[in-house]
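These are the residues of each chain, in order.
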Amino acid sequence: AMSAESLGLWFMVEATMAGFIACVIRTPVIRDARHAVRAWSRLEPYRWKGKRVAADKWMEQLQHRWLDFRETFLDIIEDCGKCRRQFELRLDDMHARTLPSRERYVAVWNARAMAREERAQRRSLHRDYNRYTGRERARLAGEDCAQRQVERRARRATRCIQGLLRRWRAHMDR
């Protein structure tokens, strides 16, 4: 029976963590196909599927995923019979070299988050202002209406009094 081993095939599983390490890292040579597939499957949750990652998702990963990825990758290294400590030092060195990039990403994320918050606050203030001015306009319109009613009643009362005075004068003139 033909197998990957009998054909002399070997495998290396590649992994990247953009923003965490600056290059593609590979497992050592894996001669057993099932072992290679298992290693690939263990790293699958850390793949970004080629889509651009939103800044918020990246920030969440900055906090949690790197340590998980690192431990999983080092476990695979150990399963391959290699020195975990040696790869740990290499990963830590790669990770340290990307610190300036991560700091820039965080600064950009913070600036965008602050801009989003500022826009939300401005929209809220604008809504509150419009709501207030709308209520104020309604209140003033109500006051205008009430004032016009008072003026109409005063005119009616004045006309009524003038009519009564005319009749009284007419009555006195007789």
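Predicted model, so just to flag it, every value in this text is computed and none were measured.

## Side note on the overall build of the protein chain
Counting secondary structure elements, the protein chain contains five helices and two strands. Ordered by position from the N terminus, the helices and strands of the protein chain form the series β-β-α-α-α-α-α. When each of the 174 residues of the protein chain is scored for burial, the buried share is 22%. Relative to all contacts within the protein chain whose residues are 6 or more apart in sequence, the contacts with residues 24 or more apart total 58%. Accessible surface, the protein chain: about 13,200 Å² in total, of which carbon and sulfur atoms supply 55%.

## With respect to a positive patch on the surface
Together, Arg148, Arg152, Arg153, Arg155, Arg156 and Arg159 line one region of the surface with positive charge. The topology assignment puts Arg155 in helix H5 (residues 99-173).

## Description of the packing of aromatic side chains
The way to describe two aromatic rings as a pair is by their centre distance and the angle between their planes. In this structure the tally under the stated criterion is two aromatic pairs. Between the aromatic rings of Trp66 and Phe69, the centroid separation amounts to 5.9 Å while the plane-to-plane angle is 35°, which identifies the pairing as tilted. Highlighted residues: Trp66 and Phe69, both in helix H3 (residues 65-79), separated by three residues, approximately one helical turn. Taking the relative accessible area as the measure of exposure, Phe69 reaches 0% and is therefore buried. A centroid spacing of 6.0 Å and a plane angle of 20° characterise the contact between Phe69 and Phe73, whose relative ring orientation is stacked. Taken together, the residues span about one helical turn, with Phe69 and Phe73 both in helix H3 at a distance of four residues. Taken as a pair, Phe69 and Phe73 share a single burial class, namely buried. Cluster of aromatic residues (ring-pair linked, three or more members): Trp66, Phe69 and Phe73.

## So, the packing of helix H1 (residues 33-43) against H3
Direction vectors running N to C along H1 and H3 enclose 170°, while the axes themselves pass 10 Å from each other. With respect to H3, the element H1 is oriented roughly antiparallel. Touching His35, Ala39, Arg42 and Leu43 of H1 are Phe69, Thr72, Phe73, Asp75, Ile76 and Asp79, all from H3. Partitioning the contact of H1 with H3 into residue classes produces five nonpolar, two polar and three charged.

Cut-offs used in this document
Here the residue index of a chain counts from 1 through its sequence in written order. The predicted nature of this model means local features are confined to residues of pLDDT at least 70 and side-chain atom pairs, given and counted, to a pLDDT of 80 or more, with totals for whole chains, interfaces and linings taken over all residues. Side-chain measures were taken over the full set of non-hydrogen atoms in the model, leaving aside hydrogen atoms and water. Under the DSSP-based scheme used, a helix requires at least four consecutive residues in state H or I and a strand at least two consecutive residues in state E, with every element numbered from the N terminus. Burial status follows relative accessibility: with a 1.4 Å probe on protein chains alone, a residue under 20% of its type maximum counts as buried, one over 50% as exposed, and anything between as partly exposed. The contact criterion used throughout is that any non-hydrogen atoms of two residues lie within 4.5 Å. The method behind every accessible area is Shrake-Rupley, applied with a 1.4 Å probe, and residues are considered shielded solely by the protein chains displayed. Residues qualify for a patch when their relative accessible area is over 30% and they have no salt bridge, like charges being joined within 9 Å and the nonpolar side chains of Val, Leu, Ile, Met, Phe, Trp and Tyr within 5 Å. Criterion for a salt bridge: a side-chain nitrogen of Lys or Arg within 4 Å of a carboxyl oxygen of Asp or Glu. Neither His nor the chain ends is counted toward charge; the positive residues are Lys and Arg and the negative residues Asp and Glu. Charge coordinates come from a single atom per side chain, which is NZ of Lys, CZ of Arg, CG of Asp or CD of Glu. To pair, rings of Phe, Tyr and Trp, with the six-membered ring standing in for Trp, must have centres within 6.5 Å; the planes then decide the type, stacked if under 30 degrees apart, edge-to-face if over 60, and tilted in the middle. For helices, the fitted axis covers only the stretch in contact; all axes are lines through C-alpha atoms, and the angles between them, taken along N-to-C directions, range from 0 to 180 degrees. When an angle is under 35 degrees it counts as roughly parallel; over 145 it counts as roughly antiparallel; between 65 and 115 it counts as roughly perpendicular; any other value is oblique. Amino acids outside the nonpolar list (Ala, Val, Leu, Ile, Met, Phe, Trp, Tyr, Cys, Pro) and the charged list (Asp, Glu, Lys, Arg) are all regarded as polar, and Gly is one of them.

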